[in-house]
Every structure is written in C-alpha cells, then in structure tokens.
Amino acid sequence: MLHELLGLALILALTFGAAWLLGRYLVKVYQGMPVWTDFLAPLERLLYRLTGVRPEQQMNWKQAVSALLLTNAVWLAYAWLALCLQDRIPLMNPDHIPGMTWHQGFNTAVSFVTNTNLQHYSGETGASYFSQIFVLQFLQFVSAASGIAALIMILNGLREAQTRSLGNFYAYFVRSVTRVLLPLSIAAALLLLIGGTPMTFAGAAESYTLEGDTIRIARGPVAGMVAVKQLGTNGGGYFGPNSTHPFENPSYFTNVVENVSILLIPIALVFAMGGLLRQPGFSRVVMAVMTGIFTVFLGLTVWAELSGSPWIADAGISQPSGSLEGKEMRFGAAASALWGVSTTATSNGSVNAMHDSLTPLSGGILMLDMMINALYGGVGVGLINMLVFVIIAVFLSGLMVGRSPEFFEKKLESREIRIAALVMLLHPFLILGGTALACWIYLTQGGNEALAWLNNPGFHGFSEILYEFTSASANNGSGFEGLGDNTPFWNVSTGLVMLLGRYVPVIGPLAIAGMLAGKRISPPSPGAFRTDTAVFGIILTSVILIVAALSFFPALALGPVAEFLTR
C-alpha cells in the first residue's frame, strides 16, 4: 500500500511542478511576449491569410460570442455529416465501419464540439480512421482551444480599465493550438509511443487463439489521439474501454504520463491567471480553494477504494489490495482513485477503471466533483466556472460588510449578479431535470423494449442515470456505463444538455467581463472586501460547498448515499 501512495505523491509532484512552469509560459504566450515557439509564427500568419482573419482587430464580448458560436456551429455540422457518412467516404476505413445513425451522429458531434466526449459508441468499432483523426481528433484540438480563448478574453475584461475590447478570439484560439496544445501533444504522444501505445494506419490484426479460433485485434493511430484527449481535457477514448485498454494505457509509466496530462493545463491556467490579471494573490487564493477541495475528495476516494468493498468485507474476506473490481492490476486501487478524482475534477472524462464498480462513497464523490464543476475544470472553462462562484462570493461578502460589492476595483451591479446566478443555477437544472425526466420515462414506459435501458434497478440504477446527466452537463464525458445509452432518448437528451452546459456558462461570463471592462475603476474604499485573503478563500469554499449541498444532496441521497448506507 505504501508504494501505491508514493506513486500518487510522484504524480501530483510532477503535475504541480510542470504546471507551474507551463503557467509562466502561458503568461508570455497570451501577452505576446517572445517564447521558444515563435518559429510557428509563419504557420499562424498563413492560417490568418487563408481564413481572412485580422488578428490585430479587437473584439467586444458580443463579437467574441459570435465568433465562438459561428466556428463551433460549422464544426458541429461538419462532424455530424462526416460521422453519419463515414462508410461512404473512400478514405482510411480498412475495417469497413458503417456510418452512425442520425441520433448517434448528433450526440457524438455535439459531444466532441463541446469538449465533452461522451461516447455512446465503441471507438474501435464505431469510427473509421478518417473519423478518428479528421473529425474527432480535430475537434479535440479546436474545442479545447475555444475554451482557452474564451478564458483569456474574460481575464482581459477583468483586468482592463474602461474598455470595450477584450482581444481577438481567433488570435487566442490559433495561439492555443499552435503554441500550447500542438507541442504538448507531440511530446506526450512520443512518451506514449515509448511506453508501448500503438500508432499505425494498418487495419485490425488477425491472430489465433489456442483453440484455433481467428480473432481480430483492433489498432490504429492511438498515441496521437490519446495525447490530445488528455491534454485538452477531452477524454474520448480511441477504444471503448478508454484508458483501461492496454493499447491506450499499457503500463504504470503511461498511466503517469496520462494522469499528469489530464491535470496539467487546467492547473497551469490557474497559475497563469495571476500574471494575466496582475493579481497573484487572488490566483493563490483560487488555487488554494481548488486544491483544498480536490485533496479532500482524493483522500476520501483513496481511503474508500483501499478499504475494499464493504459487501466483501462483510463476508469476512480479506482485501489487502483494496477494491479491485473493475480495476486494472497494472495500476491498482490507489492510482485508479487518483485518476477518477482527476478526470472528474477537470471535466476530462477518460477512465482507467470502471466507475460503475467503484464503492458507493467513491462514486458519490466523483459525481459531486462534476456537480461542483469548478475544481480546475476543463481547459479554460473550468476556471470560467470558478469565476462565477467568485462573483457570487464577492456579492455575498459585500452584503456582509454592508457595502456595494467590488471586484478588482469595479462595482458589481444587479445585472452581473443576475447573469452569474442564472449560470450557476443552470447546471443543477440540467442535471436534476434530466434525471427526473429519465426516471419518469423509465417508470411509466419501462415495458417498452426500446426504453429498457436500465440494467441495474434500485439505488445503483438511479446513480447511473444521475451520473450520465451530471457528466453531460459538466462536459465531462465519463459514465457509470450501466446504461444502454445508444438510443434516441439518451442521444438527443444528453446532446441538448451538453450544448446548454457548454455555451451558456461561457457566454454568461463573457458578458460579465464585457460589462465590467466598460466600467471605470473606483479607488478601493476602506470597507472594500479583498479577494486575495484567506478569509475570502474560506467564504469562496463555503459558497461552493453550500451551493452544491443545497442543489445536489437530495439526489445524491437517493443514489450513492443510500447505496452506501444499505450495504
């Protein structure tokens, strides 16, 4: 057990050390300072010339929203069409994989455009090589870059004094691809290749069992897709079993590489925020809040999994290695627990163990992780979600001291608070509303074979439904996998939840940043509440936990909590 815990310490030490260095680099990239990747500038200029983009042209928040929605709408249409017609595209389909149905194609296209990568198909049998590379892997780059670009524009709005300009969305988007995601993905892919992850365009390999049967072993351009799926907090697996598959994650070495990659950019962006805002104290408070809650969730999950299954323990059977059901022996219970908390804290969604097999307490923590949806989070968007909590905390702090709330020396007025409140309330509405609808349909129409998608009735079955909508709304993409989810209901309902869960929490903060950018800076009054103190960190933590508890505890009580108490 000691060596497993030392492994966790190594992963976390590597992650925070690399994220700190990357954060310093990101500040230079987005402030236009000289960096070692400047040799890519000609490529960027070529892209601007081909697309007619003028990177020096400034945008207000409405123009930024238009650019975000326009580009994403084009990618959505392209992906939906390509996935449904992949069998008719005479390229890179050696295994003759058929096209997706309209509803599965819709769900998959929405999933990858929104950086969710919820997969209602098995990658090696559901997507051709063309789709894997030119549709899904392409979207893993551009969806992640869209989130980072939106964050940088929001930070610009919070920093600048009385301006309507937030920067240029396209310039930040291109820079996020060329200067951040592309070089990091190449480095991670090379490490995965060294670790044994395949990268080939050959079709499935044929082999023979000891009984003389012929089997086909799927393979493909795996290393490249796995690298960006982790670094971009995408999470979509090349294979159905995701990073439990020995081709996606062959060894403990590749597991370390991938786990570090999951957390790297989200944590680096928190470090970079201090430099980009010129508010290092505020950045440290946000980092402390995120890391504090993350550490508590990690400790509880590791303890629960190393303690073993309570039902097996009740039978008097020893579990010296912890609960190993649904886990890979090459990783162990502790590393699987770290991955689970990492992937749900960052809206990554990849898995190196079956979440459906986790102990009830662990499953509940992973759901709560996604319900908060602001602990590091997806690249860019997770920090945006945290800023919504920050604005609510600043507002409440102002009420407590009896003064108008001020954020970075600008007064927060009712319109900013209303937008933040609506964004914060949307998440529980999507999760709880979707779960209620699914339960009602199942209970009233369960006799219909087309709707009999629940294989585990009772508390655990409810948890599977709750987890699916939580994952979709949080743009996470992981699942308990106990559902028959490739149906019109699940594909359409989760597709709509993913769209709303992605764009409203980005558009709202962009609007807030644009409104604050247009205000004059007012000198801090003696009673102004500072956001770079430990007291504010405590208030922010309390707001996050109280909102999550009030919104989600009743639902959690019906699922993982009830399952835990009825062992």
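Parameters and conventions
Residues numbered from 1 in each chain as written. Predicted model: local features only at pLDDT ≥ 70, side-chain atom pairs only at ≥ 80, totals over all residues. Heavy atoms only, no water. Phe/Tyr/Trp six-rings, centres within 6.5 Å; stacked < 30°, edge-to-face > 60°. Helix = DSSP H or I, 4+ residues; strand = E, 2+ residues; numbered from the N terminus. Buried < 20%, exposed > 50% of the residue type's maximum accessible area, 1.4 Å probe, protein only. Axes fitted to C-alpha atoms, helices over the stretch in contact; angles between N-to-C directions. Parallel < 35°, antiparallel > 145°, perpendicular 65-115°, else oblique. Left-handed = near helix turned anticlockwise from the far one by under 90°. Contact = heavy atoms within 4.5 Å. Nonpolar A, V, L, I, M, F, W, Y, C, P; charged D, E, K, R; others polar. 1 Å grid on protein atoms, 1.4 Å probe; cavity = no way out; pocket = protein on both sides within 12 Å on 5 of 7 lines; lining within 4 Å. Points joined across faces, edges and corners; volume = space filled by probe spheres on them.

Engineer: Would you mind showing me how to read the packing of aromatic side chains here?
Structural biologist: Centre-to-centre distance and the angle between the planes together describe a pair of aromatic rings. Tallied over the full model, the rule gives 16 aromatic pairs. Between F282 and F407 the ring centres are 5.9 Å apart and the planes differ by 70 degrees, which places this aromatic pair in the edge-to-face class. A residue pair is termed long-range when its members are at least 10 positions apart, and F282 in helix 10 (residues 280-307) and F407 in strand 3 (residues 406-407) qualify at 125 residues. Neither F282 nor F407 differs from the other in exposure class; each is buried. Every member of this aromatic cluster is reached through a ring pair, and the members are W75, Y78, F138, F169, Y170 and F173.

Engineer: Whenever I open this one, the packing of helix 13 (residues 360-372) against helix 18 (residues 534-565) confuses me. Can you help?
Structural biologist: When two helices pack together, their arrangement is captured by the angle between the axes and the distance separating the axes. In the contact formed by helix 13 and helix 18, the axes pass within 10 Å of each other and the chain directions differ by 150 degrees. Classified by the angle between their axes, helix 13 and helix 18 sit roughly antiparallel to one another. Here helix 13 runs over helix 18; the crossing is right-handed. Residues P360, L361, G364, M367, L368, M371 and I372 of helix 13 form the contact with helix 18, whose participating residues are I544, L545, A548, F552, L556, P560, E563 and F564. Looking at the contact of helix 13 with helix 18 residue by residue, the class counts come to 13 nonpolar, one polar and one charged.

Engineer: Help me understand empty space enclosed by the protein, please; the structure alone is not making it clear to me.
Structural biologist: A water-sized probe rolled over the atoms picks out the places where empty space is left. Enumeration according to the criterion identifies seven cavities of 30 Å³ or more in this entry. Estimated volume of the largest cavity: approximately 230 Å³. Every residue lining the largest cavity is counted, 20 residues in all, and those nearest its centre are I372, N373, V423, M424 and H427. Elements with a contribution of two residues or more to the lining of the largest cavity: helix 13, helix 14 (381-401), helix 15 (414-445), helix 17 (488-517) and helix 18. At six residues, the largest contribution of residues to the lining of the largest cavity is made by helix 15. Here the residues of the lining of the largest cavity sort into 14 nonpolar, six polar and no charged. Every element with two or more residues in the lining of the second largest cavity is listed here: helix 14 and helix 17. Partitioning the lining of the second largest cavity into residue classes produces two nonpolar, nine polar and one charged.

Engineer: Which parts of the structure should I look at to understand the layout of surface pockets?
Structural biologist: Looking at the largest pocket, its volume works out to about 480 Å³. In this structure, the largest pocket is lined by 17 residues; those nearest its centre are L47, V142, F173, V174 and V177. Looking at the lining of the largest pocket, the elements that each hand over two or more residues are helix 2 (41-51), helix 3 (61-84), helix 6 (129-159) and helix 7 (169-195). Considering every element that reaches the lining of the largest pocket, the biggest residue donor is helix 7, with seven residues. Its residues assigned to classes, the lining of the largest pocket shows 14 nonpolar, three polar and no charged.

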